[in-house]
Amino acid sequence: QVHLVESGGGLVEIGGSLRLSCAPSQRIVSSNTMAWFRQAPGKEREFVAAIGPFSSPTYTNSVKGRFTITRDNAKNTVNLQMNSLNPDDTAVYSCAAASSRLIQSRLRTQSAYTYWGQGTQVTISN
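What comes next is a walk through the structure. Worth saying up front: this structure is predicted, and the values here are computed from it rather than measured.

1. Brief notes about the overall build of the protein
Scanning the protein from N- to C-terminus turns up 0 helices and 11 strands. Mapped in sequence order, the helices and strands of the protein form the string β-β-β-β-β-β-β-β-β-β-β. For 126 residues, the compact-globule estimate of 2.2 N^0.38 gives 14 Å, and the C-alpha radius of gyration of the protein, at 13 Å, lies within 12% of that figure. Considered along the principal axes of its C-alpha atoms, the protein spans approximately 40 × 25 × 25 Å. Intrachain contacts of the protein at a sequence separation of at least 6 include 59% that bridge at least 24 residues. Surface summary for the protein: the accessible area is close to 6300 Å², and the carbon and sulfur share equals 46%. Charged side chains of the protein number 12 positive and 7 negative; the gap between the two group centres comes to 10 Å.

2. Side note on the sheet that holds strand β1 (residues 4-7)
Spatially, the 4 strands line up as an open sheet ordered β1-β3-β8-β7, and their pairing is antiparallel. A single partner strand is all that each edge strand has here, and the edge strands are β1 and β7 (67-72). Sheet twist, expressed as the mean angle between neighbouring strand axes with direction ignored, is 15°. Sheet analysis places strand β3 (residues 18-24) next to strand β8 (residues 77-82), joined by 5 bridges and oriented antiparallel. The partner of R19 across the bridge, within β8, is Q81.

3. Observations concerning the state of the cysteines
All told, the structure shown has 1 disulfide when counted by the stated rule. Residue pairing for C22: its cysteine sulfur links by disulfide to C95, the two sulfurs lying 2.1 Å apart. Measuring the twist about the S-S bond at about -80°, one finds the C22-C95 disulfide to be left-handed. Separated by 73 residues along the polypeptide, C22 in strand β3 and C95 in strand β9 (residues 91-97) bring together distant segments of the chain. Assigned by exposure class, C22 and C95 land together as buried.

4. Topic: the pattern of salt bridges
For the structure on display, the rule yields 3 salt bridges. Ionic pairing is found between R38 and E46, a salt bridge with its closest N-O pair at 2.7 Å. On the basis of relative accessibility, which here comes to 5%, the residue R38 falls in the buried class. Assessed through its relative accessible area of 32%, E46 is described here as partly exposed.

5. Some thoughts on the nonpolar core
Of all hydrophobic cores here, the largest spans 29 residues; its most connected members are L4, W36, L80, M82 and Y93. Secondary-structure elements contributing two or more residues to this core are β3, β4 (34-39), β5 (46-51), β7, β8, β9 and β11 (120-125). Looking at this core, the element that brings in the most residues is β9, giving 4 residues. With 10 residues, the next largest nonpolar core counts A35, F37, A98 and L107 among its residues.

Analysis parameters
- Residues numbered from 1 in each chain as written.
- Predicted model: local features only at pLDDT ≥ 70, side-chain atom pairs only at ≥ 80, totals over all residues.
- Heavy atoms only, no water.
- Helix = DSSP H or I, 4+ residues; strand = E, 2+ residues; numbered from the N terminus.
- Rg over C-alpha atoms; globule rule 2.2 N^0.38 Å.
- Contact = heavy atoms within 4.5 Å.
- Areas by Shrake-Rupley, 256 points an atom, 1.4 Å probe, with all protein chains shown as cover.
- Lys, Arg positive; Asp, Glu negative; His and termini not counted.
- Charge placed at Lys NZ, Arg CZ, Asp CG, Glu CD.
- Pairing = 2+ DSSP bridges.
- Axes fitted to C-alpha atoms, helices over the stretch in contact; angles between N-to-C directions.
- Disulfide = S-S within 2.5 Å.
- Buried < 20%, exposed > 50% of the residue type's maximum accessible area, 1.4 Å probe, protein only.
- Salt bridge = Lys/Arg side-chain N within 4 Å of Asp/Glu carboxyl O.
- Core = buried A, V, L, I, M, F, W, Y, C linked by side-chain atoms within 4.5 Å.

Structural data, given as C-alpha coordinates:
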(Lines give C-alpha, C1' and ligand atoms only; values in the text may rest on other atoms or scores of the structure.)
Protein backbone atom coordinates (compact mmCIF):
# COMPACT_ATOMS: atom_id res chain seq x y z
CA GLN A 1 0.00 0.00 0.00
CA VAL A 2 1.31 3.42 -1.03
CA HIS A 3 0.55 6.34 1.26
CA LEU A 4 0.57 9.84 -0.24
CA VAL A 5 1.04 12.95 1.90
CA GLU A 6 0.32 16.40 0.49
CA SER A 7 1.70 19.63 1.89
CA GLY A 8 1.89 23.30 1.00
CA GLY A 9 -1.75 24.34 1.06
CA GLY A 10 -2.93 27.51 2.70
CA LEU A 11 -4.43 30.93 2.24
CA VAL A 12 -3.17 33.20 -0.51
CA GLU A 13 -4.28 36.46 -2.08
CA ILE A 14 -5.69 36.76 -5.58
CA GLY A 15 -2.81 36.72 -8.02
CA GLY A 16 -0.51 35.00 -5.56
CA SER A 17 1.31 31.68 -5.73
CA LEU A 18 1.52 28.41 -3.83
CA ARG A 19 3.61 25.30 -4.25
CA LEU A 20 2.09 21.95 -3.31
CA SER A 21 4.14 18.83 -2.71
CA CYS A 22 3.24 15.14 -2.66
CA ALA A 23 5.46 12.65 -0.84
CA PRO A 24 4.73 8.95 -1.43
CA SER A 25 5.70 6.37 1.16
CA GLN A 26 7.33 4.22 -1.51
CA ARG A 27 9.62 5.10 -4.39
CA ILE A 28 7.16 5.43 -7.27
CA VAL A 29 7.59 8.94 -8.69
CA SER A 30 10.24 7.83 -11.18
CA SER A 31 8.18 4.91 -12.48
CA ASN A 32 4.46 5.64 -12.01
CA THR A 33 2.10 8.26 -13.38
CA MET A 34 1.28 10.93 -10.80
CA ALA A 35 -1.51 13.50 -10.81
CA TRP A 36 -3.27 16.27 -8.96
CA PHE A 37 -7.05 16.57 -8.65
CA ARG A 38 -9.14 19.15 -6.83
CA GLN A 39 -12.63 19.43 -5.40
CA ALA A 40 -14.50 22.56 -4.40
CA PRO A 41 -17.49 22.40 -2.01
CA GLY A 42 -20.61 21.29 -3.84
CA LYS A 43 -18.70 20.39 -6.98
CA GLU A 44 -17.37 17.21 -8.51
CA ARG A 45 -13.72 16.37 -8.17
CA GLU A 46 -11.86 17.44 -11.29
CA PHE A 47 -8.56 16.67 -12.93
CA VAL A 48 -5.86 19.32 -12.64
CA ALA A 49 -2.56 17.95 -13.91
CA ALA A 50 -0.65 14.73 -14.48
CA ILE A 51 2.87 13.67 -15.32
CA GLY A 52 4.32 10.33 -16.33
CA PRO A 53 7.87 9.02 -15.96
CA PHE A 54 8.73 9.67 -19.60
CA SER A 55 6.10 12.11 -20.84
CA SER A 56 5.32 15.81 -20.88
CA PRO A 57 2.80 17.15 -18.35
CA THR A 58 -0.91 17.26 -19.08
CA TYR A 59 -3.20 19.99 -17.70
CA THR A 60 -6.84 20.84 -17.59
CA ASN A 61 -7.59 23.90 -19.71
CA SER A 62 -8.41 26.21 -16.80
CA VAL A 63 -4.90 25.98 -15.33
CA LYS A 64 -2.78 25.92 -18.48
CA GLY A 65 -0.16 28.63 -18.37
CA ARG A 66 -0.58 29.09 -14.62
CA PHE A 67 0.16 25.70 -13.02
CA THR A 68 3.22 23.52 -13.46
CA ILE A 69 3.52 19.90 -12.34
CA THR A 70 7.02 18.53 -11.84
CA ARG A 71 8.78 15.41 -10.58
CA ASP A 72 11.80 15.28 -8.33
CA ASN A 73 13.01 11.71 -8.69
CA ALA A 74 15.83 12.12 -6.19
CA LYS A 75 13.42 13.26 -3.47
CA ASN A 76 10.59 11.02 -4.69
CA THR A 77 8.16 13.93 -4.72
CA VAL A 78 5.67 15.46 -7.13
CA ASN A 79 5.03 19.18 -7.00
CA LEU A 80 2.38 21.55 -8.27
CA GLN A 81 3.48 25.15 -8.70
CA MET A 82 0.40 27.37 -8.83
CA ASN A 83 0.69 30.96 -10.03
CA SER A 84 -1.79 33.75 -10.76
CA LEU A 85 -4.31 32.19 -8.42
CA ASN A 86 -7.94 33.25 -8.56
CA PRO A 87 -11.02 32.41 -6.44
CA ASP A 88 -12.00 29.61 -8.81
CA ASP A 89 -8.87 27.76 -7.69
CA THR A 90 -10.17 27.43 -4.13
CA ALA A 91 -10.51 23.71 -3.43
CA VAL A 92 -9.07 20.70 -1.66
CA TYR A 93 -6.18 19.49 -3.76
CA SER A 94 -5.36 15.77 -3.72
CA CYS A 95 -2.36 13.89 -4.99
CA ALA A 96 -2.99 10.65 -6.86
CA ALA A 97 -0.73 7.84 -8.02
CA ALA A 98 -1.32 5.15 -10.58
CA SER A 99 0.03 1.64 -10.10
CA SER A 100 1.87 1.87 -13.42
CA ARG A 101 2.62 4.22 -16.28
CA LEU A 102 -0.67 5.38 -17.80
CA ILE A 103 -1.29 5.96 -21.47
CA GLN A 104 -2.23 9.48 -22.52
CA SER A 105 -5.94 8.78 -22.85
CA ARG A 106 -6.19 7.63 -19.23
CA LEU A 107 -4.46 10.57 -17.54
CA ARG A 108 -7.65 12.52 -16.77
CA THR A 109 -9.60 9.50 -15.51
CA GLN A 110 -9.97 9.24 -11.74
CA SER A 111 -10.48 5.48 -11.79
CA ALA A 112 -7.06 5.04 -13.39
CA TYR A 113 -5.37 6.06 -10.13
CA THR A 114 -4.90 3.58 -7.32
CA TYR A 115 -3.59 5.69 -4.45
CA TRP A 116 -4.87 8.99 -3.10
CA GLY A 117 -3.66 11.44 -0.50
CA GLN A 118 -5.81 13.03 2.18
CA GLY A 119 -5.90 16.40 0.43
CA THR A 120 -4.68 19.87 1.29
CA GLN A 121 -6.86 22.98 1.39
CA VAL A 122 -6.07 25.88 -0.92
CA THR A 123 -8.04 29.07 -0.33
CA ILE A 124 -7.79 32.21 -2.43
CA SER A 125 -8.85 35.34 -0.59
CA ASN A 126 -10.08 38.69 -1.84
